[in-house]
Amino acid sequence: MAALLPGTATLGVLGGGQLGRMFVHAAQAMGYRCIVLDPDAISPAGSVAEKHIKADYLDPVGLAQLARDCDAITTEFENVPAMALETLANMRVVAPAAASVAVCQDRAVEKAHFEAAGVPCAPHAVITNEIELAAIDPALLPGILKTSRMGYDGKGQVRVATAAELAAAWENLQRVPCVLEQMLPLQRELSVLVARGADGQLVNYPVQQNLHRGGILAVTEVPAPDVPAEVQALAVSAARQVAQTLGYVGVLCIEFFWLHDGRLVVNEMAPRPHNSGHWTMNGCDGSQFELQVRALAGLPLPAPRQHSASLMLNLLGDLWFGEQGGPTPPAWDRVLALPGTHLHLYGKADARPGRKMGHLNITADTPEAAHDVAVQAAAILGLPTDF
């Protein structure tokens, strides 16, 4: 397709969450109008877009309106029904494609794609019935039982050590299709963001080192301080291979486990910008959301350049509930007094424990300086400082 030039086109987004909000901000900064389709009357993305279509993701009237008013359409989360993307693709440019998103929506299909792409993943088995449950190789235990669909931020996951625990966990998960993954001794969790255009142009950001707490990303550091160059090169190569073999268009995040024995295995992928890539908003000359806009609009994808050592702290709603109860805003004035701090709040009206409310980026000339400031900020906010 011909490129949709800034100032001349309208871009659509399925989903009204914070990723959609940051996409809208990036698109508007480049001169695009934006329309968000989301069923919630009040949403982070819908509140900043030029237009918000309040409709279900499979509502034919809402989808028709979105297609009529937009020149190209993307999604801000992976669990939007693939059928909605297929419907829209009959009328407008859609990226990523429904087929790509469908792969990412099913862990079993996703792992089959990794294997077909020649990228190693954790030993695993698919469980859809009692026969497959009974045939599980004991070598996969202890393991993590994950629902094949609709799992994120640690949801739909249960650790199991024995066959009896596995059977009980599958029962508690309502016997939905699951994947059992062998539990592996992790040295670090990593991720790589790539962006690919419809013309096959493919670029990537540096490897990101991540720390999760309770299944939710807590800290991202770039450059990855503890990961050898050869491991980082393997991660980048694998991520690019996954995107290429998927024929992906847009921004894609691939998460990896770097094991104690030195192996690198892929964990999962997300067909959208990712929490671990939020540092790019302040640490690079082009954020992950700008590249999402460029890929959707058919614009060139220059290789992003990191200009500052960066560290990202995820901000959950728990921070609003201290010893005095809440909700009470954290001490942002003290945090923002620290050098190189950049606060991004998502416009969510209600703070709740576990809810992603924003993130704090810290940039500095050196990784050590960024880390020192991040530790000070975490202490002010009451976050753990052991990173």
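Conventions and cut-offs
Residues numbered from 1 in each chain as written. Predicted model: local features only at pLDDT ≥ 70, side-chain atom pairs only at ≥ 80, totals over all residues. Heavy atoms only, no water. UniProt positions renumbered as here; feature names shortened; annotations may be inferred. Pairing = 2+ DSSP bridges. Helix = DSSP H or I, 4+ residues; strand = E, 2+ residues; numbered from the N terminus. Contact = heavy atoms within 4.5 Å. Axes fitted to C-alpha atoms, helices over the stretch in contact; angles between N-to-C directions. Buried < 20%, exposed > 50% of the residue type's maximum accessible area, 1.4 Å probe, protein only. Salt bridge = Lys/Arg side-chain N within 4 Å of Asp/Glu carboxyl O.

Per an unreviewed UniProt entry, the chain goes by N5-carboxyaminoimidazole ribonucleotide synthase and derives from Pelomonas aquatica. According to the UniProt record, the Subunit (unreviewed entry) comment for the chain reads "Homodimer." Taken from UniProt, the Catalytic activity (unreviewed entry) comment for the chain reads in full: "5-amino-1-(5-phospho-beta-D-ribosyl)imidazole + hydrogencarbonate + ATP = 5-carboxyamino-1-(5-phospho-D-ribosyl)imidazole + ADP + phosphate + 2 H(+)".

Another point: the sheet that holds strand β3 (residues 51-53). Strands sit in the order β3-β2-β1-β4-β5 across an open sheet of 5 strands; the sheet is parallel. Because the sheet does not close on itself, it has two edges, and the strands there are β3 and β5 (93-94). Pairing of strand β2 (residues 33-37) with β3 involves 3 bridges; the strand directions are parallel. Following the sheet pairing, isoleucine 35 is matched in β3 by lysine 51. Taken strand by strand, helix α2 (residues 60-69) contacts β1 (10-14), β2, β3 and β4 (72-75), and its axis lies near 155° from that of β3.

Right, let's get into the pairing of β4. Alternating residues of β4 divide into Ala72 and Thr74 and Ile73 and Thr75, and every residue in both groups is buried. For β1 and β4, the ladder comprises 4 bridges, and the chain directions are parallel. The partner of leucine 11 across the bridge, within β4, is alanine 72. With 2 bridges joining them, β4 and β5 adopt parallel strand pairing.

If you walk through the whole model with that rule in mind, you get 13 salt bridges. Note that arginine 188 is salt-bridged to aspartate 226, the shortest N-O span being 2.9 Å. Of the two residues, arginine 188 sits in strand β10 (residues 186-196) while aspartate 226 sits in the loop between β13 (216-222) and α8 (229-246), which places them 38 residues apart along the sequence. Look at arginine 188 and you get partly exposed, because its relative accessible area is 32%. Given the relative accessible area of 37%, aspartate 226 is considered partly exposed. A salt bridge links arginine 213 to aspartate 386; the shortest N-O distance between them is 3.3 Å. Remark: aspartate 386 occurs in the segment after α12 (367-381) and arginine 213 occurs in strand β12 (residues 208-213); sequence separation between them is 173 residues. What makes arginine 213 partly exposed here is its relative accessible area of 29%. Members of the salt-bridge network, linked through shared partners, are Lys51, Arg68 and Asp69.

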